[in-house]
Structures are given as C-alpha cells and as structure tokens.
Amino acid sequence: MTLSAAAAVESVRRSLARLSSSDHNHQFENSKRFCAFVPRLQLLIDQLLLPSPSPENLPASVQTSLRGIAVDLESAAETVLAYVSKSKVTEDEERVHLSLQKEGEGRRASKAVQSAIVMELARALGMEAHKYTELSAQVKLLKNDLVRSNSITERRILISLEKILTNWSMEPNIQTGGMDLDFEEGAQISPFKNFLCPLTKEVMKDPVVLESSQTYEREAIKYWFERCIDDARDVTCPVTGQVLKSLELKPNIGLAGAIEEWVNRNIEIQVKSAVQCLSEEPLKLDEVERVLDSIYRIAEDYPSSRYRVRNAGLVLIIIKLLRNSSKSIGTHLRSKTLLALLGMAKDEESKKIMLEEGMTRLAIHSLTGSSEKEREHAIKLLREFSNDEAYCKKIALEKGALVLLTSLAGNLEHPTLSNLAVEVLARIETIEENIQYLAAAGRFEPLLSRLCEGSDEVRITMATMLGSMTMTSNSKLLVARQSAKILVPMLAKEEGKAPSLRALHNLSSVDDNASILVNSSMLPSLIYILFEDQDASLELKELAASTMANVVSNPGHWELACTDKKGHLLQSKPIITKLLGLLSSASSKCQASALRILYGMSLSPQASESVASYIMDGQGLEKIILFLDHAEDEQRLHACKLTRLLSERFHQDLASRLRSSDKIPLLKEKILDRKTIESERSDTACILANLPLAEEDVTTLLGASFLRWSVDTIKNHQQKSKGRTFKSQPSMVEGLLGLLLQFTRSTDPEILSVIRELSLMSVFCEQLNFPSKPRMKQLAALGLKNLSETGRVVAAGHLEPPPPQRLCSSLVFMCGCVPPEPSRCPIHNSLCEEHAHLCLLQCNCIKPLVDLLDDEDTDVQVAAVEALSTLILESSRSLKCAVEEFERQDAVDALINLFSEVRAGELQERTAWMIERIIRVESQSSRHSLNQNLVRALIEALRHGNANTKRHAQDALTNLKQISGVSGSSSSQIQLRR
C-alpha cells in the first residue's frame, strides 16, 4: 500500500516524536549518534511544508522521497527503541561493575555479600545463579578479552571475580545444615531447601522476609544492605534484583519454627549418639573427636540447647574422660575435650558441675600440655570460670595455678597464650585476698602498685606481706628497686615502722640489694632505731641490727654513706664504740648481729684498717674473745670469723690476751673436735696459725700427735676434693697449713723426727701442685722455705737428728761388712736421703717452686723466691752446684724474667738478691753479660729500688762488668760501661 504524502509526513513526525521522548537513549553510543539527527529531520520537514501547508501540493518527487523517509525512519525508530528497552540489564551490569571495582580495591566482603554479587552477575548475563559452569565460562571469556588490557583496575576486577566464584562454588553440607551428625547411617534428618539462606547456603537461625517476599538469614541480608549503602547504590533484593523501597526485615515465624523443630530433632539424635560413643569401651578415638567437635558446635551455635547436652550427662562423661584417660587420648584430643567443655561452660549449671568435679585442677594440669592448642583452651576455660568473683578467690588457692599462669603471661614467644594468661590474672588481681598469693607466685605488680600508690593503710598491709614472704633472689632484687624509696620513709612513722623494717630486712638478704638500700638512705634510720629510739621494741632493734649486718657484708656500697645528722660514717669511732657496747648489754640476737656487722666492716678494703684500730682502742678484742666459747652457735661462729681477721693484724696482742684468758688450749680442742661446725674449725685453725707461738708452745701445747693429725687431715681433704678448688673462706686445709708452719720452725729433735717420718716437705710440695687458693700456695712455699733452712742447719752439723733404727745395723756390726757410702747432696755436701731429709733438691721441690714464679699472686711469688733462696749457700762450691741445678730446672731464666717485670717492692728486693748471687758464678756472668733485658732491669732497680735492692743491683752490674768504676756508695756516682 502506497502512503499518501500527508500520511508519510504524519509517519515521519510520529517516529521522530517516539525517538525524542526516549529516556534512555543517552546510555548508548549508537543511539546517541542516531538521535542527534532527530531535531534536524524535524526542521527539514517543517521547511518542506512552508510553501504549502498541504503535503499534496508538493512536487511528486518530493512526495516520493517523503514516503521513503517515512518507511526508513519508522524502521530505524523500531530498532533504536528496541535497543533502548534493554537498559534495565545494563543497570545490573553497572551495579556488578561497581561492586567488583570495590572488591578489587582490597575491601573484604562477607560470604553473604559475595553471594549477592554472584546473583547480580548472573542476572546481568541472563542466566541462573546456581549454574556455576556457565558463569565460569563467561568469566573465562571476559578473561580472554582482558588479557591484553593495561588497566590495573580491570585486572583487579577480574581477580576479585574469580575469587568470589571460587568461594561460591564451595557447597556446604546442606544435608545436615553444617551439623556433624554422621554417627549412624541415615539417622540424621536432611533440611528442606527453604531452610537454607540463599546467601550463606546454610540453615537459617533467624529467617526474615523482605518486601520482595524473599527470605534470608537476618545477619546475611544486613551485610548486603550495608554494602549497598556504603557503595551509594540502590538497595536491591539479591535473588530478584528488585530495588527495595523499604529495608524492613520481617521475621518469618513459621519458617523459624520449622527450622527450630528440625534442629532440635537433629540435636537429640546427636546427643544420643555422643553418649553412646563416649560410653563405649574401648574408645574409638576418631569417633570421639567427631563427638567432641559436634558438642562444641551445639554449645556455640545453639545456646538454647546446651541444657540437652547437660541433661544427657555429657558434661560429666567428658570430665571423666579427661580425668581418667588423659594420657591415652593424647594432647590433640585433650584440647578437643577442653574446647567442648569451654562451649558448655557458658551454661551456668554446666559450669557448676565442672567446678564441683574439680575441672579447675584438670585445666591447670593442661597448662603444661605439649601442644599450644591444649594450653590455649585450658586458659580460656579458666577465663570463663574467672567471670565469677567467688571463683577468683578459689583459683588462687589451687596448687600451681598462679605459678603456671604467671609463667605463661611472661612468655612472649606465645603471644596468644600470654594475653589470655594476663587477662585471667587481671581478674584474679581484683580480689584483695589474692595479692599475697600472686606475689608468692612471682607476680609482684599488684602488690607493688598498691604499695607505691595506695594509702598509708594499704602500704602498711603490703609491707607486712613483703616482710613475711619467701622470695627468690631475683624477686627480691625486683621488689627492692621499686619499693625501697617507699619503705625507707615508712620507718619514720610509728605505725609503719615495724612492717617496713621487716620488709627491708627480708630484701637485705640479697647481696645485690645492698647498694639499692644504702642509696635509699636506710642506714640513718637503722642507726636511730638501734641506738637512739627509746620506743623501739627489742624485736625492732634486733631487726635493725640484722638488716645492717646484711648490708655491710657486701663491701663497696656503704663506706661513704652517712649514718646520722653529724655526718658520721658507719666505720667511724662513735659507731664502732656503740657496736662494741652491744656485745656487753644487748640481747643475744643483737650481739650476733653486732659481731656480723664488725666482721663485715673488717672485710672492706676501705674500712678494715680503721675498724680494726677502733676495736683495739675500745677494748673490743677482750669482748670478742669471750664469745669464742659462747653457747650459741651464731655468736660463736661470727666471733671466730672476726677474731681470724683481727689475728692477721694484731697477732701479738691476740696471743697475749688468749694466753691470759687461757683460751689457746680451747682453740686446739675445737680443731680436733669433729662435732664442731666445720667453718668454726677452719676459722679456729687460721687463728691458731696466725699466733706467734713460742717453740715451747709448739712442743707442749700442740705436740707431735697434733702434727701427725694435721698431716693426715690435709691428705684426707685432698682425696675428697679430687682436684676441686673450694671457695669457702677460709678452708680447713689453709688453717692446717698455717699450723704446720709452726712446726717447721721447731728444732726439737722429736718434732724433727716426726717431720722426717711424715715427709712433711713432700706434703708441702704436693700442695703446690694441687689446685688451691693463693694463700694455701703461699703457706706451702713458706713451709718448704722453713724446712729447707732447718735442713741446712742439720746438714751443717749444728743439729743431730736421731739416727733411724734399722734391722741391718746389728748385722753390719757382726759381719764386719761396711755398706757402700751413700751419695751426698751436691748442694749441701751432706748425706741427704730422698723423702727423709729436709732438702728441696732430693724431694723434687725445685721445679714446683719455679712454676710458682709465674703465679698471678705477688705473695705467692715472694714465698717461692724465699724458698729457692735457701739453696744459695755462702761457699763457692755449694753456690756453683746450686746455680747449676737452677740452670737445669730453668730457674735462672724464670728468675730473670720475673725480675724484669716486677715493680719496686719486696719481690724486687728478693729477686735482686737471688740474681746477684747467681751472677757471682762465672759461667752465669759470662752468659748474661749481654742480656739487655736483665741489664735494663738492674739499672731500673738501681734507680728506683729500696736501699737493699740498689745494693744488690749494683753488685750484679759489677759482676756483669757493666760498671767501670765505683766512687762512694751513691748510685749516682756509678759509671756504666757503654
């Protein structure tokens, strides 16, 4: 049918009107370009009609063109409008694009949100959301399209999309709705499809309906709503895509009831199966684990059903399992058991059952478990229990609970466990009665915070705890650092004096705390309480004296501290006088502490000299001696220690006072009495060894029997120690070696005979090779020196020891056969019998003495040089033999090396004397004449040594021919050969 011109014009105008009225043409690039011509076509038609308002009057050719335009334009309008009608799908695409873009920016989405995005994507692609294969295919096509894309945003979108689809593809166990009911084949009841939330694919617990009539889990759909609002986009129903005008969530009561009934029936099945499984003998561990997991999920996911688990007796069964089969089930199942109980502990009745059945103790035991999970669940269970204030009081009384929790709290290698333990302890700390228990377990922070920040009453309470508490050394050090500045000022307050003094006394027992307490100005308060405070009780005075004794036992901290307003130091004469006064008038404990204080002061290098002097001035020696046979052990022991130190300085005065009080025999009896305390015997031996005993005292008071006992005791000590060095000061061996020195100076024939019999020189020599303290080596070397000097006298014929009685002597007389003449000692030129005579050479003592020249202790080196010097005799033949022997045993080089290194003093003088004698031998003077080290050392000694050292150095230089001439005795006039 051919259109009339008028109809053609009408058709064009109608098509143009349809295109111009489209609301969505701006969304499509093709429609934009096409519709841009619409106004121009309308203008063209109007211009054509201007000459004649009637189309029929137009030329025939124009009418034909209008008819063609009308047909084409109508067809084009249909095409464009059809394309525009698809604009709703494009909105879905834009929403999907926006959501994926947000995901690509790194924002995490919940499972519900991801499910909603997948549903929108499926609608945009025109397919069902559950068809994962088709969705994946479309994603692969998109991936192929973007493979050459340089846009970071597009690549992030693709990655997010792939992750979301992967998560969506992981189907849950919809047969049981996520509940582990796999105990009996077919016993469980599968959920209906409408029980499952479209977003989570899990059985709904709180189903709600939207205005789109779709049902979702409340929390899941709320997540989706929040996401839409955050993205500033329309809130839609995930399943239908409908834009929601209202966000109202109406509970689906009917569906909720049906789901609840389904859940309850399945829980009943599960509980029955759990009881059956845990009651079997023997246990099937794989099934036990599934049962425990299910019980935990019931307790966590369905709190209202916890009573079913409890009423079925499962709480008791699980506790019994943990108690009776703890070792057999292993740490993994123990952790599962604790986790199940943790879930049930939120039920008050179940918690009550656990506490009555001793679950606290079992949980504490699991704190030592081998796996971190077991320890974690145990702490969480204790944390659940600790919500109850009454329980917090009880847990502190459980053996080991606070110790283990404190240990875990401080273990930063396991932060999770540490934080949980800290949380439990924080709840326990809120109970005032637990503060002391916490401190006893090593957690002092609550106590110290109350002590530092609390009221006076609280501080007194905390100080009282510290005073009666047993603490480790590290704990005392920690407490002292934080509390000393608080406790010391409390001594000035009457109500705080006693508790703070007890606390300070407790802390003072650690050596490292001495400086802390002294720096806190504690000494003036102690002196005031001890000597001036008339209101202080006897107990407080005793505590003050004992605390002071603890502090002064560590030299180097208190020597410069003032003790009163006058600025007196602790070692000053007024304080020493007051301390000596305590020995006469104070209680037994104060006397013991006073002796300890005086002993501690006498140990200080800075204070010992003045303290000893003030003791002597104040008639203190007489007072101290009285305690040597005191009935109380503590007083007697400290008196012995103090007397030993004083005997090293005032041995003559001490010997005089001991003789006048007839206490020297008492000292011998103490040494021999095995019932006496070992340290007391050692101190007494040192006291007796330091006394300048006359030869008569040695022979009559000590005697040969005591000499034999001393040697036997030294040998027994050496065998018991087996090469170990003892740190106790002094040791018994040290005292006995000093006593043996008393015998080495004796010329009594009987004593000399016993010395030869016991091979006393060998005893001293063995001590040089034995690991021991420097003092003991010094005593042994001095003993060798004394014996060597005695041997020299015997060899010279001044003393004739009784000849040994031998069985063959009578046979010699009868047979008339004279035995071969024994060899003579090359040094003494006498008959020295090995191991029987008093000769360093024959007893092989020279080499051990030479080794002592390298000792680090100067006193030991001096003693060794003195012992070796006894072999240097005046006769030229003996001198030459001695020097040759020294040369063979490397003594000459050792002496020269020592002389080259020593400074001015006694050791330099002794060594210079030895070298001067050695250089007298021609072979030695020739050998060492070019020894520049020796020459320089001699010149140094000549310039800076004492008078004797200068004389010896001068003579040695002369023998070395380093001095060309001497005029007078002044060293400045000596000319040295260049």
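Everything that follows concerns the structure shown earlier in this document.
Residues numbered from 1 in each chain as written. Predicted model: local features only at pLDDT ≥ 70, side-chain atom pairs only at ≥ 80, totals over all residues. Heavy atoms only, no water.

Engineer: I keep staring at the pattern of salt bridges and nothing clicks. Help me out?
Structural biologist: Once their charged atoms are close, side chains differing in charge can pair, the charge on each being opposite to the other. Across all of its chains, the model carries 43 salt bridges by this definition. Between Asp-683 and Arg-644 there is a salt bridge, with its nearest N and O atoms 2.9 Å apart. Taken together, the residues Asp-683 in helix α36 (residues 678–690) and Arg-644 in helix α33 (residues 633–649) connect sequence positions 39 residues apart. Overlapping salt bridges, with partners in common, bring together Asp-633, Arg-636, Lys-670 and Glu-680 in one network. (Salt bridge = Lys/Arg side-chain N within 4 Å of Asp/Glu carboxyl O. Helix = DSSP H or I, 4+ residues; strand = E, 2+ residues; numbered from the N terminus.)

Engineer: Teacher, can you tell me more about the packing of α36 against helix α38 (residues 732–744) here?
Structural biologist: Packed helix pairs are specified by the crossing angle of their axes together with the interaxial distance, meaning the distance between the axes. Here α36 crosses α38 at 25°, and the two axes come no closer than 8 Å. Here α36 lies roughly parallel to α38, going by the angle between them. Two packed elements cross with a definite hand, and for α36 against α38 that hand is left-handed. Taken together, the residues of α38 that come into contact with α36 (itself represented by Glu-678, Arg-681, Ser-682, Ala-685, Cys-686, Leu-688 and Ala-689) are Met-732, Glu-734, Gly-735, Leu-736, Gly-738, Leu-739 and Gln-742. (Axes fitted to C-alpha atoms, helices over the stretch in contact; angles between N-to-C directions. Parallel < 35°, antiparallel > 145°, perpendicular 65-115°, else oblique. Left-handed = near helix turned anticlockwise from the far one by under 90°. Contact = heavy atoms within 4.5 Å.)

Engineer: How should the environment of Ala-586 be read in this particular structure?
Structural biologist: Here Ala-586 shows up in the loop between α29 (573–585) and α30 (588–603). Expressed as a C-alpha distance, the spacing of Ala-586 and Lys-541, which sit 45 residues apart in the sequence, is 9.5 Å.

Engineer: Can you walk me through the packing of aromatic side chains in this structure?
Structural biologist: Remark: the centre distance and the inter-plane angle together describe each pair of aromatic rings, the angle taken between the planes. By the definition in use, this model includes four aromatic pairs. When the ring of Phe-192 is compared with that of Phe-195, the centres are 5.3 Å apart and the planes differ by 85°; the resulting orientation is edge-to-face. Owing to a relative accessible area of 56%, Phe-192 belongs among the exposed residues under this scheme. For Phe-195, a relative accessible area of 4% gives the class buried. Between Phe-195 and Trp-262, the ring centres sit 6.2 Å apart and the planes meet at 65°, which makes this aromatic pair edge-to-face. Of this pair, Phe-195 sits in the loop between α8 (152–169) and β1 (207–209) while Trp-262 sits in helix α10 (residues 253–278), and the two are 67 residues apart along the sequence. Classification of Trp-262 as buried rests on a relative accessible area of 5%. Three or more aromatic residues joined by ring pairs form one cluster here, namely Phe-192, Phe-195 and Trp-262. (Phe/Tyr/Trp six-rings, centres within 6.5 Å; stacked < 30°, edge-to-face > 60°. Buried < 20%, exposed > 50% of the residue type's maximum accessible area, 1.4 Å probe, protein only.)

Engineer: Honestly, the nonpolar core in this entry has me stumped. Any pointers?
Structural biologist: Generally speaking, soluble globular proteins have nonpolar side chains that are buried together. Leu-707, Leu-849 and Phe-886 are the most contacted members of the largest nonpolar core, which totals 175 residues. Ranked by residue count, the leading element in this core is helix α37 (residues 695–721), at nine residues. Once residues lying within four places of it in the same chain are set aside, the contact partners of Leu-849 are Leu-768, Ala-781, Leu-784, Leu-840, Ala-864, Ala-867 and Leu-868. (Core = buried A, V, L, I, M, F, W, Y, C linked by side-chain atoms within 4.5 Å.)

Interpretation note: all reported values are geometric properties and have no functional meaning in isolation.
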